[in-house]
Amino acid sequence: MDVRNLRVEYVGEGGRTPAVSDVSFTLRRGEVLGIAGESGSGKSTLAYAITRLHKPPAEISQGEIHYTKPDGSTVDVLAMDDTELREFRWEELSIVFQSAMHALNPVLRIGAQIEDVIVAHRPGMNAPERAARVIELLGIVGIPADRANSYPHELSGGMRQRAMIAVGLALDPEIIVMDEPTTALDVVIQRQIIEKIMELKDRLGFSVVFITHDLSLLIELSDTIAVMYGGKVVEMAAADDFYRRPQHPYSRGLLASFPTLGGPKRELTGIAGSPPDLRRLPSGCAFRPRCPHAFDACAAQVPQLYRIGAPGGGSSLAACLLHTDASPDQAADPAADPASDPKTDTAAAAGAGDPHSETTPNELATGETR
């Protein structure tokens, strides 16, 4: 899936409020794209937009979404009519909603809700075949077959979430969008769900867009991480590069907010202030009022995504004026000596000052030490 310059606005009497602005990314086959950010950063709005599940007053006012089928043909998702969307959803792309207790129908048994997807998209399957497929799907996500006759309230939180994943897998889609699927679960169940997702991805070969505010999960399971703030992507990088060398001050603040269970003690700094009101974004960089490295130009100029080189030939993208000298050909040097200029000082902090330099990505989530 290739998303280019996507913009989603909420239209009301007071005008148009941009919830997602100029977001671009490419999701490759078998890849996990993690999307992180605080509440209100536009993550769920983006999920609903790429699945075309947004409803008024939300409106896609700009951008392109192209999906390449397994046979190599490409379709324009935004140009699909209702019939084409019905065939596209669940066949090619499905979504696992946040809060399974609210996403599942409380008066229908779990098996009936999974079968409903099959009835809608596989009219040629008879009742025994559908029943067998339901049992197969429950087995795939680790739910006993006899639980097919249970109602959602009779299942634990982890089972309800796995049931939602089973619904998403019902038609073997190529892409699954998971919108904060583990938020309401304890850490033990979170671990089980994540392990199950990764096992299924490797076995079935689908791609995942995993949306959460929990960076510890994303660092462990994602190939690429995109960080959103104020409706925009402010940093995008390979998971290890993001963890070792975060290039945006917001990303460093998020990482510094998570304690590690192993290794040396360090101070948790967090991020002062609150996310911006999308109806009244500050001038220039939206993160400027909360940024410890803001300088005069940040109030006047909206930063674009700059490409910053990484050791080993990789690169990351960061929307920060601290990297105005970076380009696809000449990247900012994260190991530069700090100087009095705030741009130089923060560029150096992106590498040498990494608060997680003594731990691995796995340690952030599990506390395991090297």
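Above this text sits the structure in question.
All of the points below concern the structure found in this document. (Residues numbered from 1 in each chain as written. Predicted model: local features only at pLDDT ≥ 70, side-chain atom pairs only at ≥ 80, totals over all residues. Heavy atoms only, no water.)

1. Topic: the overall build of the protein chain
1) Next: For the protein chain, the helix and strand inventory stands at 12 helices and 12 strands.
2) Next: Pairs at least 24 apart in sequence give 62% of the contacts found in the protein chain among residues at least 6 apart.
3) Next: Counting only carbon and sulfur atoms, one obtains 50% of the accessible surface of the protein chain, whose full area is about 16,800 Å². (Helix = DSSP H or I, 4+ residues; strand = E, 2+ residues; numbered from the N terminus. Contact = heavy atoms within 4.5 Å. Areas by Shrake-Rupley, 256 points an atom, 1.4 Å probe, with all protein chains shown as cover.)

2. Here's the deal with the state of the cysteines
1) Next: One pass over the full model with this rule turns up 0 disulfides.
2) Next: Left unpaired, Cys285 is separated from the closest cysteine sulfur, that of Cys298, by 5.9 Å.
3) Next: On the basis of relative accessibility, which here comes to 13%, the residue Cys285 falls in the buried class. (Disulfide = S-S within 2.5 Å. Buried < 20%, exposed > 50% of the residue type's maximum accessible area, 1.4 Å probe, protein only.)

3. Focus on the sheet that holds strand S12 (residues 315-318)
1) Next: The strand order S6-S7-S8-S3-S9-S10-S12-S11 describes an open sheet built from 8 strands, whose pairing is mixed. Looking at the sheet topology across the chains shown, the edges are occupied by strand S6 (93-96) and strand S11 (306-309). Across the sheet, the axes of successive neighbouring strands diverge by a mean angle of 20°, strand direction being ignored.
2) Next: Note that strand S3 (residues 32-36) and strand S9 (residues 224-229) share 4 bridges and pair parallel. By the bridge assignment for S9, Ile35 is matched with Ala226.
3) Next: Sheet strands touched by helix H6 (residues 157-169): S6 and strand S7 (175-179). Its angle to S6, the strand with the most contacts, is close to 170°.
4) Next: Running over the sheet, helix H7 (residues 187-204) touches S3, S7 and strand S8 (207-211) and is turned about 155° from S8. (Pairing = 2+ DSSP bridges. Axes fitted to C-alpha atoms, helices over the stretch in contact; angles between N-to-C directions.)

4. Observations regarding the sheet that holds strand S1 (residues 2-12)
1) Next: Reading across the sheet, the 4 strands line up as S2-S1-S4-S5 and stay open at both edges, with antiparallel pairing between neighbours. Both outer strands of the open sheet, strand S2 (15-26) and strand S5 (74-76), are each paired with one neighbouring strand and no more. If you compare each strand with its neighbour and ignore which way they point, the axes differ by 15° on average.
2) Next: With 8 bridges connecting them, S1 and S2 associate as antiparallel partners. Note on S2: the bridge partner recorded for Leu6 is Val23.
3) Next: Relative to S1, helix H1 (residues 43-50) is tilted by about 110°, and along the sheet it contacts S1, S2 and strand S4 (58-68).

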